[in-house]
2 protein chains.
Amino acid sequence: MSEQMGIQSLCFSNPPCLIAGSSVVGKKESEGPLGGKFDVEGEDDYFGCDNWEAAESALQKKAMEIVMGKAGVVPEDIRYLFAGDLLGQSVASSFGLQSFEIPMFGLYGACSTAGLALSLAAMTVAAGYADLAAAVTSSHFASAEKQFRFPLEYANQRPFSATWTVTGSGAFLLASQRKAEEMKKRAYREKVYAEEETELVSAKWTNQYNVKITGVTVGRIVDFGVRDSMNMGAAMAPAAKDVIETHLRDFNRTPEDYDKIITGDLGEIGQEILVHLLQEKDIDISGNHTDCGLEIFDGKKQGTGSGGSGCGCSAVTLSAHFLPMLFSGEMKRILFVPTGALLSKISFNEGQNVPGIAHAVVLEGCAADVS
Amino acid sequence: MSEQMGIQSLCFSNPPCLIAGSSVVGKKESEGPLGGKFDVEGEDDYFGCDNWEAAESALQKKAMEIVMGKAGVVPEDIRYLFAGDLLGQSVASSFGLQSFEIPMFGLYGACSTAGLALSLAAMTVAAGYADLAAAVTSSHFASAEKQFRFPLEYANQRPFSATWTVTGSGAFLLASQRKAEEMKKRAYREKVYAEEETELVSAKWTNQYNVKITGVTVGRIVDFGVRDSMNMGAAMAPAAKDVIETHLRDFNRTPEDYDKIITGDLGEIGQEILVHLLQEKDIDISGNHTDCGLEIFDGKKQGTGSGGSGCGCSAVTLSAHFLPMLFSGEMKRILFVPTGALLSKISFNEGQNVPGIAHAVVLEGCAADVS
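Residues numbered from 1 in each chain as written. Chains lettered and ligands numbered in written order. Predicted model: local features only at pLDDT ≥ 70, side-chain atom pairs only at ≥ 80, totals over all residues. Heavy atoms only, no water.

### Observations regarding the overall build of chain A
Item 1. Summing up its helical and strand segments, chain A has 14 helices and 17 strands in all.
Item 2. Projected onto its principal axes, the C-alpha coordinates of chain A cover approximately 55 × 50 × 35 Å.
Item 3. Out of the 371 residues belonging to chain A, those deemed buried represent 67%.
Item 4. Working note: accessible area of chain A is about 12500 Å², and carbon and sulfur atoms make up 49% of it.
Item 5. Computed over 31 positive and 47 negative side-chain charges, the inter-centroid distance for chain A is 3 Å. (Helix = DSSP H or I, 4+ residues; strand = E, 2+ residues; numbered from the N terminus. Buried < 20%, exposed > 50% of the residue type's maximum accessible area, 1.4 Å probe, protein only. Areas by Shrake-Rupley, 256 points an atom, 1.4 Å probe, with all protein chains shown as cover. Lys, Arg positive; Asp, Glu negative; His and termini not counted. Charge placed at Lys NZ, Arg CZ, Asp CG, Glu CD.)

### Describing the relation of the copies chain B and chain A
Item 1. The transformation that overlays chain B on chain A combines an axial shift of 0.0 Å with a rotation of 180°, and the residual RMSD is 0.0 Å. Here the symmetry operator amounts to a two-fold rotation axis.
Item 2. Mapped onto chain A, 98% of the interface residues of chain B are again interface residues, and the two copies thus contact each other with one and the same surface. (Least-squares fit on C-alpha atoms with pLDDT ≥ 70 in both. Contact = heavy atoms within 4.5 Å.)

### Here's the deal with the packing of aromatic side chains
Any two aromatic rings considered together are summarised by their centre-to-centre distance and by the angle between their planes.
Item 1. Using the criterion set out here, one finds twelve aromatic pairs over all chains in the structure.
Item 2. Their ring planes at 15° and their centres at 4.7 Å tell us that phenylalanine 150 of chain B and tyrosine 154 of chain B sit as a pair that is stacked.
Item 3. Note on tyrosine 154 of chain B: relative accessible area 55%, which makes it exposed.
Item 4. Chaining the aromatic ring pairs together yields one cluster made of Tyr80, Phe82 and Phe105 of chain A. (Phe/Tyr/Trp six-rings, centres within 6.5 Å; stacked < 30°, edge-to-face > 60°.)

### Brief notes about the interface of chain B and chain A
Item 1. Every contact between the two is made by 61 residues of chain B and, on the other side, 61 residues of chain A.
Item 2. Of the roughly 5000 Å² buried between chain B and chain A on both sides combined, carbon and sulfur atoms contribute 59%.
Item 3. Interface area lost by chain B to chain A is led by Arg79, Gln89 and Tyr129 of chain B, which between them contribute 16%.
Item 4. Measuring nitrogen to oxygen at the nearest pair gives 3.3 Å for the salt bridge that ties glutamate 350 of chain A to lysine 146 of chain B. (Buried area = accessible area lost by both parts, 1.4 Å probe. Salt bridge = Lys/Arg side-chain N within 4 Å of Asp/Glu carboxyl O.)

### With respect to unusual backbone geometry
Among all residues save glycine, negative phi is the norm, and among peptide bonds the norm is trans.
Item 1. Within the chain, serine 90 of chain A stands out as a residue other than glycine whose phi angle is a positive 45°.
Item 2. With respect to the secondary-structure elements, serine 90 of chain A resides in the loop between β5 (80-85) and α3 (91-97).
Item 3. Accessibility expressed as a relative area gives 6% for serine 90 of chain A, which makes it buried.
Item 4. The phi dihedral of glutamate 101 of chain B falls on the positive side, at around 55°, and the residue is not glycine.
Item 5. Its place among the elements puts glutamate 101 of chain B in the loop between α3 (91-97) and β6 (104-106).

### Quick notes on the pairing of strand β10 (residues 211-217) of chain A
Residue and element names in this part refer to chain A.
Item 1. Within β10, seven of the seven residues are buried, which leaves the element mostly enclosed by the surrounding structure.
Item 2. Pairing geometry for strand β2 (residues 9-11) and β10, over three bridges, is antiparallel. Residue pairing in the sheet places serine 9 in a bridge with threonine 217 of β10.
Item 3. As defined by bridge partners, β10 adjoins strand β17 (residues 360-365) across six bridges and the pair is classed as antiparallel. When the sheet's bridge partners are listed, glycine 215 is paired in β17 with valine 362. (Pairing = 2+ DSSP bridges.)

### Some details on the packing of helix α2 (residues 52-71) of chain A against helix α5 (residues 141-148) of chain A
Each pair of packed helices can be summarised by the angle the axes make with each other and by the distance between the axes.
Residue and element names in this part refer to chain A.
Item 1. Remark: α2 packs on α5, axes separated minimally by 8 Å, with the N-to-C direction vectors making an angle of 130°. Classified by the angle between their axes, α2 and α5 sit oblique to one another. Relative to α5, the crossing made by α2 is left-handed. Within the contact between the two elements, α2 uses Trp52, Glu53 and Glu56 and α5 uses Ala142, Ser143 and Lys146. (Axes fitted to C-alpha atoms, helices over the stretch in contact; angles between N-to-C directions. Parallel < 35°, antiparallel > 145°, perpendicular 65-115°, else oblique. Left-handed = near helix turned anticlockwise from the far one by under 90°.)

### Examining helix α13 (residues 311-328) of chain B
Residue and element names in this part refer to chain B.
Item 1. Here α13 is 18 residues long and its end C-alpha atoms lie 25 Å apart, about the 26 Å a rise of 1.5 Å per residue gives.
Item 2. The largest bend along α13 measures about 40° and falls at leucine 318.
Item 3. Among the 18 residues in α13, 16 count as buried, and that is most of the element.
Item 4. A positive backbone phi angle near 90° is found at glycine 329, which sits one or two residues after α13. (Expected span 1.5 Å × (residues − 1). Bend = angle between axes of the 7 residues up to and from the residue.)

### A few points about the packing of helix α4 (residues 113-126) of chain B against α13 of chain B
Residues and elements named next belong to chain B.
Item 1. With their axes 7 Å apart at the nearest point, α4 and α13 run at an angle of 60° to one another. In terms of orientation, α4 lies oblique with respect to α13. In this structure, α4 uses Thr113, Ala114 and Leu118 to contact α13, whose residues at the interface are Cys311, Ser314, Ala315 and Leu318.

### Quick look at the pairing of strand β14 (residues 333-337) of chain B
All names here are of chain B.
Item 1. In terms of burial, β14 is largely enclosed, as four of its five residues are buried.
Item 2. When β14 meets strand β17 (residues 360-365), the two strands line up antiparallel, connected through four bridges. Each residue of the ladder has a partner; that of arginine 333, found in β17, is glutamate 364.

### Things to note about the pattern of salt bridges
Residue and element names in this part refer to chain B.
Item 1. A full pass over the atoms with the stated rule returns 28 salt bridges over all chains.
Item 2. Its salt-bridge partner being arginine 178, residue glutamate 182 comes within 3.6 Å of it at the nearest N-O pair. Of this pair, glutamate 182 and arginine 178 both sit in helix α6 (residues 177-189), four residues apart, roughly one helical turn.
Item 3. Of the residues examined, glutamate 182 reaches a relative accessible area of 41% and is grouped as partly exposed.
Item 4. Exposure remark for arginine 178: the relative accessible area of 52% places this residue in the exposed category.
Item 5. Note that lysine 184 and glutamate 181 form a salt bridge whose closest N and O atoms lie 4.0 Å from each other. Residue lysine 184 and its partner glutamate 181 are located together in helix α6, separated by three residues, close to a single helical turn.
Item 6. Taking relative accessible area as the criterion, glutamate 181 reaches 36% and is therefore assigned partly exposed.

### Let's talk about the side chain of serine 22 of chain A
All names here are of chain A.
Item 1. With respect to the element layout, serine 22 can be found in strand β3 (residues 17-25).
Item 2. Separated by 2.6 Å, the side chain of serine 22 and the backbone oxygen of alanine 63 make a polar contact.
Item 3. Discounting residues that sit within four places of it in the chain, serine 22 has contacts with Asp39, Ala63, Ile66, Val67, Lys70, Ser169, Gly170, Ala171 and Ser319. (Polar contact = N/O pair within 3.5 Å; in protein donor to acceptor, adjacent residues only side chain to side chain.)

### Concerning the confidence of the model for chain A
All names here are of chain A.
Item 1. For chain A, per-residue confidence averages 92 on the pLDDT scale, and residues scoring 70 or more make up 94% of the total.
Item 2. Within the model, pLDDT remains below 50 along residues 199-205, and this stretch shows ten contacts once partners closer than five positions in the same chain are excluded.
Item 3. Two summary scores accompany this predicted model of the complex, namely pTM at 0.95 and ipTM at 0.94. (pLDDT = per-residue confidence, 0-100.)

### Section: the nonpolar core
Item 1. One finds Ile19 and Met64 of chain A together with Ile19, Met64 and Ile78 of chain B to be the most contacted residues of the largest nonpolar core, which totals 134 residues.
Item 2. Every residue in contact with methionine 64 of chain A, bar those within four places of it in the chain, is listed here: Ile78, Leu81, Leu97, Phe100, Ile102, Ala134, Val136 and Ala171 of chain A.
Item 3. Counting residues in each nonpolar core, the second largest holds 104 residues, with Leu34 of chain A together with Ala122, Phe172 and Val316 of chain B among its members. (Core = buried A, V, L, I, M, F, W, Y, C linked by side-chain atoms within 4.5 Å.)

Right under this line is the structure:
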């Protein structure tokens, strides 16, 4: 039986379960609309480190530790790890994750990396290559500004179209249905223990084995000729449009088949462009679209410009905000579409365009079945 | 049936066929021992571009065009593309491959990227997710020196332990057995046409459907505390040792089960360390080990220090040198182990170590069966 759907999608016959997510964020994120929902909210953005890059590595390490703790597993239980970040040569991931000694696939998809990592981890588990796999990604406001634009000390001004890189890391664990079933039984036996903690933890322990990644649509690079590194939303919106349009066609679905279509970090400007571009194709997502970059910050109050961005933006928003709604049954099916802008300081300085890429992941919750 | 072998390997029950490889290199590579074997050998290293990064993108584009030409396919035939390079934010791949509009998984594994891309492409095809997938990677001496050390204009001196980044790109096409069989039949029908060209082309056309990727061992990050960015061989050898040792244990094989065990770019110093580290574990690869970095340059004549390096090093050496030997039946089974050093200019300047990673890919040739 082929799992290939249409021209660039996959529909899994044995969909893996997304059994746990974690989120570690900085101070500004904790002050936004989602404050209080994250697993760890840092007091400052150094996380006990000497520099921003090491701080970003610390975020990833913490996110992995938490997600393993939630699922009650140790690194040896995880067969493969899919990870990446925004920094040159992905050093946040290399130094953040090496201590776990998990066989690792290093990725680069700019801010779409959460989609890339979840897609590949889902493909790997669905194929029977692993019973348990992890997907991790991160970004850090200060390391990203230094990497892509100007060090903070330069105190440059930012236009409204600029997005604000989220300081955060999200980690996810994907399990085969067999493994998830086994873990669900164990968790149920330990339920008494969980109930001594908060109600939220308890809910997570009982429902977390019922959310599946049922399909993916792998994105292509789309170049609309945008050259402004302070307007990433415009650079990425065409790629998001391309993958959402293809996804709906490949799966023969309409936007209404999803409770929400959730892009990664288009921000206010990118959202407007995306909705407009899809309307031109007679696809109306205006009623059920949202963007992680719009969820995580209150732009007017927090001065974050067009919205949040970075690999960490979509990862922590999925983990802290949307995944719990899938776990609880409040949402049944979402399309998660992290978006990335493909540029480097060098490509920008050499006058190249900023093409975009986006990957779409279908997450579906099922009714909890713990007896 | 599980395809999981041991703790971190996969053995494919439906191994994909590596049906074609291509290699595009610069001038220095064409003057080395493998000169004449590459598909394209550039006159200068700009490849018609204005800067080194664009030149590297041009290498990738050319490598893709050639490999598609060899297999007689167009971009639309290729379902997924796995690609990465050494530059920050993988810009060589983004700008080199976007015109093909193939759904793309962006990777970063430093110089191990050829192993990473071949592993994921093989996993994807073996799982039935694609009938045809491509794996592409590149490096460029000048863009890498600028990225990791000093721009060439600085004319810095290099110790003997330093390796020389290969200017080159290798692309590979992987097909499902069904697809390969279909293509073989078509190629046979077109054989008369092929024989009008050189004998080499003819041989490739008839044998290229019989080489399979039968297994992979995904590597972990290994940190031996090396901090010298001018001695990459020493930084990567422990990771190569780790993955080779695990591979042999996972598959219950000995080094003699392989015609050659071929690391990516350890060079002379790294090779010595690798052989020694494995000897300590009672594994003797001294009789059948080689390194792409040692094959591609004549260090004494060409002043390339410890050997060649870069993502492109292992990719073009596999494509131009070893793959033809598998196609011809001269070699039956090789273990291809591209090696990567995980550092960036920033991590180096901040005093971090240089950990390594390596991924092992099993390639097996079968007797040609064209009737």
